[in-house]
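The lines below spell out each chain.
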Amino acid sequence: DTRHLCSSRCRFHKLPGHGDVFVCEASGILHECRRSEPCHMCVLSPDDCFLVCPASGISYERLNYVNEEVPDEVDVWDPGMSESQQFARWFEHGYGMSEEQAEDYFAD
């Protein structure tokens, strides 16, 4: 399915001899885990201290900057949200903007 977006609900199978590379059972899309940074599919551990990749099981320490000022950027990826939740958030933020406002806000 070309419209499929992999998420934590997918089932993955490890490709032998390819390191941390997995294939989604539903779509055949490849997923490669990097040990240095969490992927977009990571979910929070039950204790909210780690991000865990559902494909590989690799866990990453969740950085929590409670006392640091966080930039007020709505279009930054939130690792605590699923992919569909994040896209919905971005969509809602842009909904109702004029084309000019959207170009100014979402310009690279």
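Residues numbered from 1 in each chain as written. Predicted model: local features only at pLDDT ≥ 70, side-chain atom pairs only at ≥ 80, totals over all residues. Heavy atoms only, no water.

Enquirer: Quick question: what am I supposed to make of the pattern of salt bridges here?
Expert: Should the charged atoms of two oppositely charged side chains come close, the side chains can pair. Enumeration over the complete set of coordinates arrives at three salt bridges. Lys 14 is the partner of Asp 20 in a salt bridge, and the nearest nitrogen-oxygen pair spans 3.5 Å. Owing to a relative accessible area of 17%, Asp 20 belongs among the buried residues under this scheme. As a salt-bridge pair, Asp 20 and Arg 35 come within 3.2 Å of each other at their nearest N and O atoms. (Salt bridge = Lys/Arg side-chain N within 4 Å of Asp/Glu carboxyl O. Buried < 20%, exposed > 50% of the residue type's maximum accessible area, 1.4 Å probe, protein only.)

Enquirer: I'm lost on the pairing of strand β2 (residues 21-24) in this one. Help?
Expert: One ladder, built from three bridges, connects strand β1 (residues 12-14) with β2; its direction is antiparallel. Looking at the pairing, Lys 14 lines up with Phe 22 of β2. Linking β1 to β2, which pair antiparallel, is a turn of six residues; within it Gly 17 sits at a positive phi near 75 degrees. Of the strand pairs in this sheet, β2 and strand β3 (residues 30-32) are connected by three bridges, and their pairing is antiparallel. The partner of Val 21 across the bridge, within β3, is Glu 32. In this structure, the hairpin formed by β2 and β3 is closed by a connection of five residues, where Gly 28 is found at a positive phi of approximately 85 degrees. (Pairing = 2+ DSSP bridges. Helix = DSSP H or I, 4+ residues; strand = E, 2+ residues; numbered from the N terminus.)

Enquirer: Looking at this model, I keep getting lost on the confidence of the model for the protein. Mind explaining?
Expert: The predicted coordinates should not be examined in detail at positions where pLDDT is low. With 75% of its residues at a pLDDT of 70 or more, the protein shows a mean pLDDT of 77. Confidence, read as mean pLDDT per element, is least for helix α2 (residues 99-106) in the protein (72) and greatest for β1 (90). (pLDDT = per-residue confidence, 0-100.)

Enquirer: Explanation requested: the layout of surface pockets in the structure shown.
Expert: Space left empty within the atom packing is revealed by a probe, the size of a water molecule, rolled over the atoms. As a volume, the second largest pocket reaches approximately 230 Å³. As for the second largest pocket, its lining consists of 17 residues, of which Ser 7, Ser 8, Met 81, Ser 82 and Glu 83 are closest to the centre. Residue assignment for the lining of the second largest pocket shows that the elements contributing at least two residues are β4 (43-44) and α1 (83-94). In terms of residue count, α1 provides more of the lining of the second largest pocket than any other element does, three residues in total. Of the residues assigned to the lining of the second largest pocket, the class counts are eight nonpolar, seven polar and two charged. (1 Å grid on protein atoms, 1.4 Å probe; cavity = no way out; pocket = protein on both sides within 12 Å on 5 of 7 lines; lining within 4 Å. Points joined across faces, edges and corners; volume = space filled by probe spheres on them. Nonpolar A, V, L, I, M, F, W, Y, C, P; charged D, E, K, R; others polar.)

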